[in-house]
Amino acid sequence: MPVMAGLIENECLKILRRKRFRLVLVVLAAILCVVVFAQNRQQENQRKEHPDRDWRAQVEKRAGDLERQMTQRRGIPEQWKRWMKYESGRLRYHLSRNLNPNELSGPMFTRTFAGVGSVLLIPLLIAVFGADLVSSELSEGTITLLLTRPVARWKVLLSKLIAMVLFTTLTLLAAFALAWGISGVAFGWSGWGAPMLTGFRLGSGAGAAFDLSGVRILPLWQDALAAWGLAWVSALAVGAVTLLLSVLFRSAAAAMGTMMATLVAGTILSRIASDWDGAKWFFVTNLPLPEFYAGMPAPFEGMTLAFSTYVLAGWAVAATAVAFFVFTRRDVTA
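Residues numbered from 1 in each chain as written. Predicted model: local features only at pLDDT ≥ 70, side-chain atom pairs only at ≥ 80, totals over all residues. Heavy atoms only, no water.

J.: For this particular structure, what's the right way to read the overall build of the protein chain?
T.: Helices and strands together make up the secondary structure of the protein chain, namely 13 helices and 4 strands. Here the protein chain, with 334 residues, has 46% of them falling under the buried criterion. When contacts within the protein chain are restricted to residue pairs at least 6 apart in sequence, those whose partners lie at least 24 apart make up 78%. For the protein chain, the computed accessible surface area is about 16300 Å², with 64% contributed by carbon and sulfur atoms. (Helix = DSSP H or I, 4+ residues; strand = E, 2+ residues; numbered from the N terminus. Buried < 20%, exposed > 50% of the residue type's maximum accessible area, 1.4 Å probe, protein only. Contact = heavy atoms within 4.5 Å. Areas by Shrake-Rupley, 256 points an atom, 1.4 Å probe, with all protein chains shown as cover.)

Below, the structure written as structure tokens:
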């Protein structure tokens with residue numbers, strides 16, 4: 001046990017010394033500042049243009065516009081039609097409960113960022129510091145020195161995996177704290193007890209009905225906790241795949257580039273190839289767990305929150321198993 005603790009501490013110090021984790025935090029803070037500034041300016045412009053407009057009129061107009069676009073415009077992709085139907089139904093339900101879906105506060109922004117960030121931003125940031133866990137040591141030759149110690153290879157890789165889990169968790173905690181802290185400056189830090197509607201569902205098929213049977217009202221803190229927990233699950237799956245690529249490639253740049261290309265390509269695939277059913281088994285298309293939890297229509301038929309969770313878990317276990325198999329049998333002197 002002391003040996004494992006020393007290995008884990010060593011791996012954590014390596015991540016900190018390479019400064020990539022600090023770079024991740026700086027990039028995350030910069031992006032959040034830009035997004036909060038843009039949203040704040042947008043709200044100010046709307047108040048200037050329509051100072052007397054009631055929020056109900058704005059929501060009613062938004063829902064009506066979506067419904068008209070669905071009926072009048074032709075050639076809209078089926079995936080966009082599903083989203084428009086979902087969004088109009090969600091807005092109508094908020095109107096019936098007299099709850100403003102556009103009300104923005106620091107806590108509300110933080111909850112929303114859990115869903116938006118889990119799609120691409122947080123996975124990309126994890127790839128930045130995780131891609132060189134093994135590959136950098138292979139390229140620099142330090143892996144040979146590490147493996148000359150009287151420690152089993154699987155323990156060495158296990159320490160790297162635990163370090164990956166720790167820093168992935170720290171990334172999510174930092175994202176939560178930065179999102180709340182930065183957005184709180186513009187929108188206020190209070191409001192965690194506000195009511196939050198969640199559990200909207202849209203049935204499958206072209207004529208899918210809007211299902212309200214699972215809708216429930218939760219305090220915002222509870223809904224945000226569930227969303228960030230699911231974002232953490234997605235991030236761990238990304239970390240496992242990143243570790244595998246770091247084992248397979250001798251170059252950290254190659255591992256990072258492959259992971260980033262995979263994430264971007266998978267995101268594009270879910271937008272333009274919604275008719276290909278096999279894409280739902282890719283780990284990238286299942287990453288937005290917080291969005292699926294909130295009821296956002298999945299990009300492919302048959303995808304549910306439970307399905308996506310199982311798919312990500314399967315990818316994580318398989319990637320970890322292959323990484324251990326390759327690492328324990330690899331000739332590091334070649």
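There's more to say after this.
J.: Looking at this model, I keep getting lost on the pattern of salt bridges. Mind explaining?
T.: When the charged atoms of two side chains with opposite charge come close together, those side chains can pair. Scanning the model with the defined rule gives 10 salt bridges in all. A salt bridge links Asp132 to Arg18; the nearest nitrogen and oxygen atoms lie 3.8 Å apart. Of this pair, Asp132 sits in the loop between helix H6 (121–130) and helix H7 (135–140) while Arg18 sits in the loop between helix H1 (2–17) and helix H2 (20–49), and the two are 114 residues apart along the sequence. Judged by relative accessible area, which is 27%, Arg18 ranks as partly exposed. Close ionic contact of Glu60 with Arg92 constitutes a salt bridge, the shortest N to O distance being 2.3 Å. Taken together, the residues Glu60 in helix H3 (residues 55–72) and Arg92 in helix H4 (residues 78–96) connect sequence positions 32 residues apart. The class of Glu60 is partly exposed, set by a relative accessible area of 37%. Salt bridges sharing partners connect three or more residues here, namely Glu11, Lys14 and Lys160. (Salt bridge = Lys/Arg side-chain N within 4 Å of Asp/Glu carboxyl O.)

J.: Please explain the packing of H1 against helix H9 (residues 153–187) as it appears in this structure.
T.: When two helices pack together, their arrangement is captured by the angle between the axes and the distance separating the axes. H9 packs onto H1 with a crossing angle of 55° between their chain directions and a minimal axis gap of 8 Å. It follows that H1 is oblique to H9 by the angle criterion. In the packing of H1 onto H9, the handedness of the crossing is right-handed. Side by side, H1 and H9 meet where Met4, Leu7, Ile8, Glu11, Cys12, Lys14, Ile15 and Leu16 of the first sit next to Lys155, Val156, Leu158, Ser159, Lys160, Ile162, Ala163, Leu166 and Phe167 of the second. In terms of residue class, the contact of H1 with H9 is made up of 12 nonpolar, 1 polar and 4 charged. (Axes fitted to C-alpha atoms, helices over the stretch in contact; angles between N-to-C directions. Parallel < 35°, antiparallel > 145°, perpendicular 65-115°, else oblique. Left-handed = near helix turned anticlockwise from the far one by under 90°. Nonpolar A, V, L, I, M, F, W, Y, C, P; charged D, E, K, R; others polar.)

J.: Before we go on, may I ask you to explain the packing of H9 against helix H10 (residues 220–248) in this structure?
T.: Closest axis-to-axis distance for the H9/H10 pair is 9 Å, and the angle between their directions is 140°. Judged on the interaxial angle alone, H10 and H9 are oblique. In the crossing of H9 with H10, the sense of the turn from one axis to the other is right-handed. Contact residues: H9 offers Leu157, Leu161, Met164, Val165, Thr168, Thr169, Leu172, Ala175 and Phe176, while H10 offers Trp228, Ala231, Trp232, Ala235, Leu236, Gly239, Thr242, Leu243 and Val247. Residues that form the contact of H9 with H10 fall into these classes: 14 nonpolar, 4 polar and no charged.

J.: Can you help me understand H3 in this one?
T.: For an α-helix the count is 3.6 residues per turn, leaving residues at separations of three or four pointing the same way. Taking 1.5 Å per residue, 18 residues should reach 26 Å; H3 reaches 26 Å between its end C-alpha atoms and fits that length. Every buried residue of H3 is listed here: Val59, Ala63, Gly64 and Leu66. Buried residues in H3, looked at end-on, bunch into an arc of 160°, giving them a common side. (Expected span 1.5 Å × (residues − 1). Arc of directions from axis to C-beta.)

J.: I keep staring at the side chain of Ser308 and nothing clicks. Help me out?
T.: Among the secondary structure elements, Ser308 is positioned in helix H13 (residues 305–329). Relative accessible area serves as the criterion here: at 0%, Ser308 is assigned to the buried category. Apart from residues no more than four positions distant in its own chain, Ser308 is found in contact with Asn286, Leu289, Phe292 and Met303.

J.: What am I meant to see in unusual backbone geometry here?
T.: The phi torsion of most residues other than glycine is negative, and most of the peptide bonds are trans. A positive phi angle is found at Lys19, which is not glycine, with a value near 70°. Here Lys19 lies in the loop between H1 and H2. The exposure class of Lys19 is exposed, given its relative accessible area of 53%.

J.: In this structure, what is going on with the environment of Ala163? I would like to understand it.
T.: With respect to the element layout, Ala163 can be found in helix H9. Ala163 has contacts with Glu11, Cys12 and Ile15, leaving out every residue within four places of it along the chain.

J.: Looking at this model, I keep getting lost on the environment of Ser88. Mind explaining?
T.: If you trace the backbone, Ser88 turns up in helix H4. Distance in space between the C-alpha atoms of Ser88 and Val59 is 9.3 Å, their sequence separation being 29 residues. Excluding its chain neighbours within four sequence positions, the residues that come into contact with Ser88 are Ala63, Leu66, Glu67 and Met70. In terms of polar contacts, Ser88 uses its side chain to reach the backbone carbonyl oxygen of Lys85, at 3.0 Å. (Polar contact = N/O pair within 3.5 Å; in protein donor to acceptor, adjacent residues only side chain to side chain.)

J.: Explanation requested: the nonpolar core in the structure shown.
T.: In this structure, Phe113, Leu157, Trp228, Met259 and Phe283 are the most contacted members of the largest nonpolar core, which totals 79 residues. In terms of residue count, the dominant contributor to this core is H10 (15 residues). Apart from residues lying up to four places away in sequence, Phe113 is in contact with Leu28, Leu32, Ser118, Leu121, Ala175, Ala179 and Trp228. Counting residues in hydrophobic clusters, the runner-up holds 7 residues, among them Val59, Leu66, Met84 and Leu95. (Core = buried A, V, L, I, M, F, W, Y, C linked by side-chain atoms within 4.5 Å.)

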